[in-house]
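Structure at a glance
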Amino acid sequence: MKSSSKHLSIIIVILSVFILGMPTAQAATFKDVSYQYWAYKDIEFAAEHKVIRGFGDGKFRPGLDITRKDAAVMMTRALDLYTLEGEPTPVEDLLPTSPGYKEIMIVLENDWLSLDEGHFRPDKPLTRDEMSKMLSTAYQYEGKGASSFTDVPIEDPYYHYIDAIANEQVTTGYNDGSFRPQEKVTRAQFSAFLYRVYQKPVAYEVRNGGELIDVIANVDDAIELALYYPEGTVHPQSNKFVEYAQEIAAADKTNLNSGALIYNGFKEIEKFTPEFFKHYLKTKPINGVQQDMFDTFIILGLRYNENSDQFVDGPTNRANYEDWKTYIERTFNSDGAIKNLNTAAGQVNRKVDVYVAIPYPKRNGSIINLNGDDVGSDVYARYDLASWYVKEVMQRFESGKYDNLNFKGFYWLSETVRTVDDEVIISSISSILKKNGKFFIYSPHATSTNFYKWKDYGFDAAFLQPNAFRASIRNKEERLHQAFVKAQIYGTGITIEIDSYHMDKAEQGVEAFDLYMDMAKRYGLDEKGMMFYQGTNMVERMATFDHPIYKRWYEQLTETFFTKESK
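Bear in mind the structure is a predicted one, so any value in this text is a computation, not a measurement.

**Structural notes on the pairing of strand β6 (residues 352-358)**
By the criterion of burial, β6 is predominantly enclosed, with seven of the seven residues buried. Where the polypeptide runs from β6 across helix α12 (residues 379-400) and back to strand β7 (residues 405-412), its parallel neighbour, the crossover connection is right-handed.

Here you go:
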């Protein structure tokens, strides 16, 4: 069992991340909304941008119903609409001197809310169906007729408004499949709706070869239009409160231009040589000239024993300290990745960046330490394992004298973040790495849970996987556009993907690789932010095997990313 002092030290580390790394209760804008409240971030966002205000006593009163009048005031603030274009709408229960009169007139002029027999009923609580009309009309959202809330039939007069905000993912309804249209909207819920609206682009620009073609409200429609153009791209337009960089890897703190994933687990690459890495460090001579290739190498082992058990979030992960130790030895031994990469880099007069993967600390079953003790499987035991590993790897680099490697940090092996415990572990490890001047990166898959929160977790860069390379994947081009749009919105890089195709199966990968290379050029991935997944050794195969498709892929890869003429 751990001592109480060790428990305490870990708790301090974890709390320091969440208290220092996140807004604190003391720093909260309102007395009654702490950072632990479910809508804290939404309320702070709305208050920061002066869309919604608190009360004179310093409270927000998040559970208070919002009135139709207050909703009108807040929506006009959100959209900077302060002038009535035409004549005021006659309303029986309002006077020009009534509170919120001008804002209500603007709302009625734009048909965001409706009158009830000539009455506006300003103090009546706003309902969820009315809110759907406000949002879909004000932000020009359109539905697909695809929403199927159990309590909103297609005949409902608010159906197309509710369908529109569902299509834009402003709402997902309730877990039981209902929307509850007549339920009243609270101040916290209103803030959450607005936060979701403003965490997405106001529209999407469709370009062809850089030339603006059209501006489309919905991303799916924008991508559909881009598909008609040979050099079509889609770019998010900034909204009033959030600015989007229309480039890849805008939020990357690591300055990674091109990274290669090198698998070194059991039944992946068993032994390395300097010759292997030279195919990743320099191109073949072109007119007698060689160019530098990958500037970064990510060393990661997926399988950790002869049974092909994996360091992943799943039932095959039974790894304990001994398995993690074995992986460290495998990585740093004489025929391991680090030593041979260092030798190869020196031989071609290069110095490259290196990251080492952190295996996923298992959630199923107790963890056994190096003394054979059962230390449990809670968040503390899992954190202990990961932090021990980090310290061991850093010590190996310090003592190894790898003069041609720049040890930049660690790579989180898991491709998604599913649990609160994982969030705590990742954030805590990030804190340790920052104190040691190291970076923390990861590569989430296309449908990764909470992908958009990668910076909040403490990662310094993320490289989104489109997962469009499998032969069975349909609509590859649309999927790639989606990934590149997300990369612009969330500031990430992109993982270029190709499998380890055998020569007789290579034809299956041609369509996808052509698209990946084409999209990389269109969206500027050839400049920065590229991670390369290559199965285990596809680049080596491209460079050495006498096969027409392999040769073609090698030419595409080097021309796109590693020749001066392609920049």
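**Details of the nonpolar core**
With 178 residues, the main nonpolar core has F297, F410 and W553 as its most contacted residues. A per-element tally of this core places α12 first, with eleven residues. Apart from the residues lying within four places of it in its own chain, the contact partners of W553 are I498, Y501, A506, G509, V510, F513, M538 and M542.

**Thoughts on helix α18 (residues 548-561)**
For α18, built from 14 residues, the straight-helix expectation of 20 Å at 1.5 Å per residue is met to within 8% by its first-to-last C-alpha distance of 20 Å. Considering only its buried residues, α18 is in contact with β10 (493-497), α16 (510-523), β11 (530-533) and α17 (538-544).

**Comments concerning helix α8 (residues 219-226)**
Owing to its 3.6 residues per turn, the α-helix aligns residues three or four sequence positions apart on the same side. For α8, the full list of buried residues reads V219, A222, I223 and A226. Taken around the axis of α8, the buried residues stretch over an arc of 100 degrees, which confines them to a single face. Contact partners of the buried residues in α8: β1 (203-208), β2 (211-216), β3 (232-237) and α15 (476-490).

**Brief notes about the sheet that holds β1**
Strand order in the open sheet formed by three strands is β2-β1-β3, and the pairing between neighbours is antiparallel. Pairing within the sheet leaves two strands with one partner each, and these edge strands are β2 and β3. Shown here is a sheet whose adjacent strand axes are inclined to one another by a mean of 30 degrees, direction ignored.

**Focus on the confidence of the model for the protein chain**
Any residue range with low pLDDT should be treated as having predicted coordinates unsuitable for detailed reading. Confidence along the protein chain averages 91 in pLDDT terms, with 95% of residues attaining 70 or more. For the stretch residues 1-5, pLDDT sits under 50, and the model shows six contacts to residues farther than four places along the chain or on other chains. In the predicted structure, residues 10-26 sits below a pLDDT of 50 and forms 28 contacts with residues beyond four places in sequence or in another chain.

**Comments concerning the packing of aromatic side chains**
Summed over all chains, the structure comprises 43 aromatic pairs. Where W324 meets Y389, the ring centres are 5.3 Å apart and the plane angle is 85 degrees; that geometry is what we call edge-to-face. Of the two residues, W324 is situated in helix α10 (residues 321-332) and Y389 in helix α12; the sequence distance between them amounts to 65 residues. Neither residue differs from the other here; W324 and Y389 are each classed as buried. When the ring of F332 is compared with that of Y402, the centres are 6.4 Å apart and the planes differ by 40 degrees; the resulting orientation is tilted.

**Here's the deal with the pattern of salt bridges**
Oppositely charged side chains can pair when the atoms bearing their charge come close. Inspection of the entire model under this criterion finds 32 salt bridges. E275 is the salt-bridge partner of K278, the closest N and O atoms lying 3.9 Å from each other. You can see K278 and its partner E275 sitting in helix α9 (residues 274-281), three residues apart, about one turn around the helix. Taking the relative accessible area as the measure of exposure, K278 reaches 24% and is therefore partly exposed. Put simply, K453 and E423 hold a salt bridge, and the shortest N to O gap is 3.6 Å. Here E423 lies in helix α13 (residues 420-435) and K453 lies in the loop between β8 (439-442) and α14 (454-457), a separation of 30 residues in the sequence. Of the residues examined, E423 reaches a relative accessible area of 13% and is grouped as buried.

Definitions and limits used
Residues numbered from 1 in each chain as written. Predicted model: local features only at pLDDT ≥ 70, side-chain atom pairs only at ≥ 80, totals over all residues. Heavy atoms only, no water. Buried < 20%, exposed > 50% of the residue type's maximum accessible area, 1.4 Å probe, protein only. Helix = DSSP H or I, 4+ residues; strand = E, 2+ residues; numbered from the N terminus. Right-handed = clockwise from strand over helix to strand, strands pointing away. Core = buried A, V, L, I, M, F, W, Y, C linked by side-chain atoms within 4.5 Å. Contact = heavy atoms within 4.5 Å. Expected span 1.5 Å × (residues − 1). Arc of directions from axis to C-beta. Pairing = 2+ DSSP bridges. Axes fitted to C-alpha atoms, helices over the stretch in contact; angles between N-to-C directions. pLDDT = per-residue confidence, 0-100. Phe/Tyr/Trp six-rings, centres within 6.5 Å; stacked < 30°, edge-to-face > 60°. Salt bridge = Lys/Arg side-chain N within 4 Å of Asp/Glu carboxyl O.

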